[in-house]
Amino acid sequence: GDSVTQMEGPVTLSEEAFLTINCTYTATGYPSLFWYVQYPGEGLQLLLKATKADDKGSNKGFEATYRKETTSFHLEKGSVQVSDSAVYFCALGGATNKLIFGTGTLLAVQP
Amino acid sequence: KAGVTQTPRYLIKTRGQQVTLSCSPISGHRSVSWYQQTPGQGLQFLFEYFSETQRNKGNFPGRFSGRQFSNSRSEMNVSTLELGDSALYLCASSLGRAGQNEKLFFGSGTQLSVL
């Protein structure tokens, strides 16, 4: 069945460092891919999405490119801030009409 | 526009009891999905309701059930609680059926502790 695998955390970075969180997927057909973010004590919020191969989603300085050849959707940001500290979830929306989430990656950014 | 509202925010129950969680979606949204979030398993899909009908179900036992009312508000019920049911239960609403291109809007969740 469809599944999402993302790198385990926690990821600890200093402010202004470069961020990469890896995400790969398994799916039949042509799924849409998402990154959601969960700040402490809150629900998840959509960060960005891509609906077809080679699409790049971007928001708040974060980017991810839908790579069909490597079945990946890695999240990147050039310069992280303390306020980016949160849990990041990669998710897949496919033919099953439900979002399938990865296990989440905790990002801690230190000043 | 008000967001997704989940009540209560925290619940403490004992094994064997039952519990009902409530979710009010964003006005105009017709789909409500429920997820269980635990540190070990991440987010696991429970079910989705659309227009008062369950449209999709995850791999959870029959002790987990839900319903949706005509105003799109949804309730989730867990009977005969087990210690392993301790989790954050998240509700998400969307305009149309949750799926490929729908953006989900999440509530802050109900933290259930089973003692």
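First, a word on what this report is: a plain description of the structure on this page.

What counts, and where the lines are drawn
- Residue indices follow the written sequence of each chain, beginning from 1 at its first position.
- Each chain gets a letter, beginning with A, and each ligand a number, beginning with 1, in the order they are written.
- Given that this is a predicted model, residues contribute local features only at a pLDDT of at least 70 and side-chain atom pairs are listed and counted only at 80 or more, while totals for whole chains, interfaces and linings are drawn from all residues.
- By convention in this description, side-chain values take in all heavy atoms of the structure and omit both hydrogens and water.
- Here, a salt bridge means any side-chain nitrogen of Lys or Arg that lies within 4 Å of a carboxyl oxygen of Asp or Glu.
- Only protein chains enter the accessibility calculation, which uses a 1.4 Å probe. A residue is then buried if its area is under 20% of the maximum for its type, exposed if over 50%, and partly exposed in between.
- Strands here are runs of E lasting at least two residues and helices are runs of H or I lasting at least four, both read from the DSSP assignment and numbered beginning at the N terminus.
- Residues are treated as being in contact if the distance between any of their heavy atoms lies within 4.5 Å.
- What qualifies as a polar contact is a pair of N or O atoms within 3.5 Å, subject to a donor-acceptor requirement within protein and to the restriction that residues adjacent in sequence count only when both atoms come from side chains.
- Here the nonpolar core consists of buried residues drawn from Ala, Val, Leu, Ile, Met, Phe, Trp, Tyr and Cys, with membership extended through side-chain atoms lying within 4.5 Å.

1. Here's the deal with the pattern of salt bridges
Phase 1 of the analysis: Under the counting rule described, the total for this entry stands at eight salt bridges over all chains.
Phase 2 of the analysis: In this structure, A:Glu63 and A:Lys56 form a salt bridge, with 3.6 Å as the shortest nitrogen-oxygen distance.
Phase 3 of the analysis: A relative accessible area of 52% places A:Lys56 in the exposed class.
Phase 4 of the analysis: Ionic pairing is found between B:Arg63 and B:Asp85, a salt bridge with its closest N-O pair at 2.8 Å. Here B:Asp85 lies in the loop between strand E8 (74-78) and strand E9 (87-94) and B:Arg63 lies in the loop between strand E6 (53-57) and strand E7 (64-68), a separation of 22 residues in the sequence.
Phase 5 of the analysis: Note on B:Asp85: relative accessible area 4%, which makes it buried.
Phase 6 of the analysis: One connected set of salt bridges, linked through shared partners, spans B:Arg63, B:Glu82 and B:Asp85.

2. Some remarks on the interface of chain B and chain A
Phase 1 of the analysis: Each side of the interface is counted separately: chain B has 23 residues, and chain A has 22 residues.
Phase 2 of the analysis: Taken together, the links from chain B to chain A amount to zero salt bridges.
Phase 3 of the analysis: Taken together, the connections running from chain B to chain A amount to four residue pairs in polar contact (both at pLDDT 80 or more).
Phase 4 of the analysis: When residues of the side of chain B that touches chain A are traced back to their parent elements, those giving at least two are strand E4 (31-38), strand E5 (42-50), E6 and E9 of chain B.
Phase 5 of the analysis: It is E5(B) that contributes the most residues to the side of chain B that touches chain A, four residues altogether.

3. Regarding the nonpolar core
Phase 1 of the analysis: In terms of nonpolar packing, the biggest core is built from 26 residues, with A:Leu19, A:Trp35, A:Leu47, A:Leu48, A:Phe73, A:Leu75 and A:Tyr88 touching the most fellow members.
Phase 2 of the analysis: At the level of secondary structure, the elements contributing two or more residues to this core comprise strand E2 (11-14), strand E3 (19-21), strand E4 (23-26), strand E5 (32-38), strand E6 (44-50), strand E8 (62-65), strand E10 (86-93) and strand E12 (105-110) of chain A.
Phase 3 of the analysis: By residue number, the principal contributor to this core is E10(A), which donates four residues.
Phase 4 of the analysis: When sequence neighbours within four positions are dropped, the list of residues in contact with A:Leu47 reads A:Trp35, A:Tyr36, A:Val37, A:Asn59, A:Lys60, A:Phe62, A:Leu75 and A:Tyr88.
Phase 5 of the analysis: By size, the runner-up hydrophobic cluster in this structure holds 21 residues, among which are B:Leu11, B:Val32, B:Trp34 and B:Val78.

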